[in-house]
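# Secondary and tertiary structure notes
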Amino acid sequence: MSFTTPRQYPGTRLRRMRKDDFSRRLMRENTLTPADLIWPVFVLEGSHRREAVPSMPGVERLSIDLLIEEAHEAQALGIPALALFPVVDAELKSELAEEAYNAGGLVQRCVRDLKAACPGLGIITDVALDPYTSHGQDGILDETGYVQNDRTVEVLLKQALSHAEAGADVVAPSDMMDGRIGEIRQVLEQESLHNTRIMAYSAKYASRYYGPFRDAVGSAANLGRADKSTYQMDPANADEALHEVALDLAEGADMVMIKPGMPYLDVVRRVKDELRVPTYAYQVSGEYAMHMAAFEKGWLEADSVILESLTCFKRAGADAILTYFAKRAARLLAS
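Described below are features of the structure shown in this document.

This next bit is on the packing of aromatic side chains. By the definition in use, this model includes 10 aromatic pairs. Their ring planes at 45° and their centres at 6.3 Å tell us that F85 and Y282 sit as a pair that is tilted. On the criterion of sequence distance, the pair formed by F85 in strand β4 (residues 81-86) and Y282 in strand β11 (residues 279-283) is long-range, its members being 197 residues apart. Three or more aromatic residues link up through ring pairs in this structure, and these residues are F42, F85, F213, Y282, Y288, F295, Y324 and F325. Against the face of Y210 rests K204, its NZ or CZ located 5.8 Å from the ring centre.

Below you can see the structure in the form of structure tokens.
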């Protein structure tokens, strides 16, 4: 983009358009609406169960019946989709993550029940093995503890197919294994699941902002002091993100994700500018926790900061934002 030679003061006073609310609104470049929000939710076994996540004040793990009640409210607020993340019982975790593709598993049952209760609400499922592995990694380990790419993809295929067969509208591989998007797309086509969309976590960084999320799904203790730097991206890299996104698109992704969010808005902007595809970003658990800590201390005013932070995603080029503030933001936008 190029700019013409700026006009001179006082003929040009940029503050003129800022004087009144009506003129500020008329020149506003980006607008946030509930349709820009995806609400990440944590689901657990049982009924009438509600558990607080200590490191994410205001966020709860919910049993399916309570989640359905919340889903009705989210839909009424104009939020187009939920993203499901399971809290898996310890006895169901294993080295090979077999529970991930159990047709009667927690996610699969939750998808069926949500689609029956809220058929117009988009349901996005996380395709990754870390909630199901006894070691907390996103894949199958070899004898040295290294995550095996192709062996992991075999399990991810089964997991994605089980979600699609349960009725998921979107499967969202967040594992960062090479080649998994193409393999999943091929299986979905073979099974005539042509309209199951793929949201690829294409540029998922090996970030320290994920800690509260791992507490929420119960994988932090399993992972221990290990990290995921052998498959998630180096936070120092941006050019590499474009390669990752381009590969996923070539393999059949319908949408791409950058994660985390606000510290990586430069990557969101580059992906949107250079590839012009549906581009999403995740305001992750660490971002949420930092905001909430500042709100609780009285250091930041909550409502205005929430909306400002989400508008920044839009300005950077995100078509939608996964955010734990989704319902609160939607209410604010409706007021």
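Turning our attention to the side chain of D138. Counting through the fold element by element, D138 comes out in the loop between β5 (122-127) and β6 (140-141). Taking the relative accessible area as the measure of exposure, D138 reaches 0% and is therefore buried. For D138, the side chain forms a polar contact with the side chain of K228, separated by 2.5 Å. Residues within four places of D138 in sequence aside, it is in contact with A128, L129, D130, T152, S174, D175, K204, K228 and Y231.

Once that is clear, we can look at helix α9 (residues 265-275). Listing the buried residues of α9 in full gives L265, V267, V268, V271 and K272. For α9, the angular spread of buried residues about the axis comes to 155°, placing them on one side. In this structure, the buried residues of α9 make contact with α8 (239-251), β10 (255-259), β11 and α11 (302-316). Just downstream of α9 lies R276, where phi reads positive at about 55°.

In total, this model carries 23 salt bridges according to the counting rule given. Of the charged contacts, one joins R50 and E60 as a salt bridge, the two residues approaching to 2.7 Å between their closest N and O atoms. With a gap of 10 residues between them, R50 in strand β2 (residues 50-52) and E60 in strand β3 (residues 60-63) connect regions that are remote in the sequence. Here R50 falls in the partly exposed class, since its relative accessible area comes to 41%. We note a salt bridge from E73 to R331, for which the minimum N-O separation is 2.8 Å. With E73 in helix α2 (residues 64-76) and R331 in helix α12 (residues 326-334), the pair connects residues that are 258 residues apart, well separated along the chain. Overall, E73 belongs to the partly exposed group, its relative accessible area being 32%. Relative accessible area serves as the criterion here: at 39%, R331 is assigned to the partly exposed category. Residues joined by salt bridges that share partners form a network here, namely R50, E60, E70, E73, K327 and R331.

A few words on unusual backbone geometry. Residues Y9 and P10 are joined by a peptide bond in cis, for which omega reads 10°. Position of P10 relative to the elements: it lies in the segment before α1 (21-26). For the bond running from K259 to P260, omega is 0°, close enough to zero to count as cis. Secondary-structure assignment places P260 in the loop between β10 and α9. Even without being a glycine, A97 presents a positive backbone phi close to 55°. Mapped onto the elements of the fold, A97 is located in the loop between β4 and α3 (106-117). We classify A97 as buried; its relative accessible area is 0%. A positive phi angle is found at R276, which is not glycine, with a value near 55°. Within the secondary structure, R276 is located in the loop between α9 and β11.

Take the packing of α11 against α12 next. It is at 10 Å that the axes of α11 and α12 come closest, and there the two elements cross at 100°. Here α11 lies roughly perpendicular to α12, going by the angle between them. Within the contact between the two elements, α11 uses A302, D303, I306, L307 and L310 and α12 uses R328, A329, L332 and L333. Of the residues that constitute the contact of α11 with α12, the class distribution is seven nonpolar, no polar and two charged.

Turning to the nonpolar core, a few remarks are in order. Judged by nonpolar contacts, the single largest core of 111 residues is most densely connected at F42, M199 and Y282. With residues near it in sequence (within four places) discarded, Y282 still touches P40, F85, Y201, F213, M257, I258, K259, P260, G261, E287, L322 and Y324.

A few words now on the packing of helix α4 (residues 149-166) against helix α5 (residues 180-190). For any two helices packed against each other, one specifies the inter-axial angle together with the distance between the axes. Two elements in contact, α4 and α5, have axes whose closest approach is 10 Å; the angle formed by their N-to-C orientations is 45°. Viewed along their axes, α4 and α5 adopt a mutual orientation that is oblique. The element α4 and its partner α5 pack so that their crossing is right-handed. For the pair formed by α4 and α5, the contact residues are V153, L156, L157, A160, L161 and A164 on the first element and R180, E183, I184, V187 and L188 on the second. Partitioned by chemical class, the residues of the contact of α4 with α5 number nine nonpolar, no polar and two charged.

Reading the values: rules and limits
- Residues numbered from 1 in each chain as written.
- Predicted model: local features only at pLDDT ≥ 70, side-chain atom pairs only at ≥ 80, totals over all residues.
- Heavy atoms only, no water.
- Phe/Tyr/Trp six-rings, centres within 6.5 Å; stacked < 30°, edge-to-face > 60°.
- Helix = DSSP H or I, 4+ residues; strand = E, 2+ residues; numbered from the N terminus.
- Lys NZ or Arg CZ within 6 Å of the ring centre and 35° of its normal.
- Buried < 20%, exposed > 50% of the residue type's maximum accessible area, 1.4 Å probe, protein only.
- Polar contact = N/O pair within 3.5 Å; in protein donor to acceptor, adjacent residues only side chain to side chain.
- Contact = heavy atoms within 4.5 Å.
- Arc of directions from axis to C-beta.
- Salt bridge = Lys/Arg side-chain N within 4 Å of Asp/Glu carboxyl O.
- Axes fitted to C-alpha atoms, helices over the stretch in contact; angles between N-to-C directions.
- Parallel < 35°, antiparallel > 145°, perpendicular 65-115°, else oblique.
- Nonpolar A, V, L, I, M, F, W, Y, C, P; charged D, E, K, R; others polar.
- Core = buried A, V, L, I, M, F, W, Y, C linked by side-chain atoms within 4.5 Å.
- Left-handed = near helix turned anticlockwise from the far one by under 90°.

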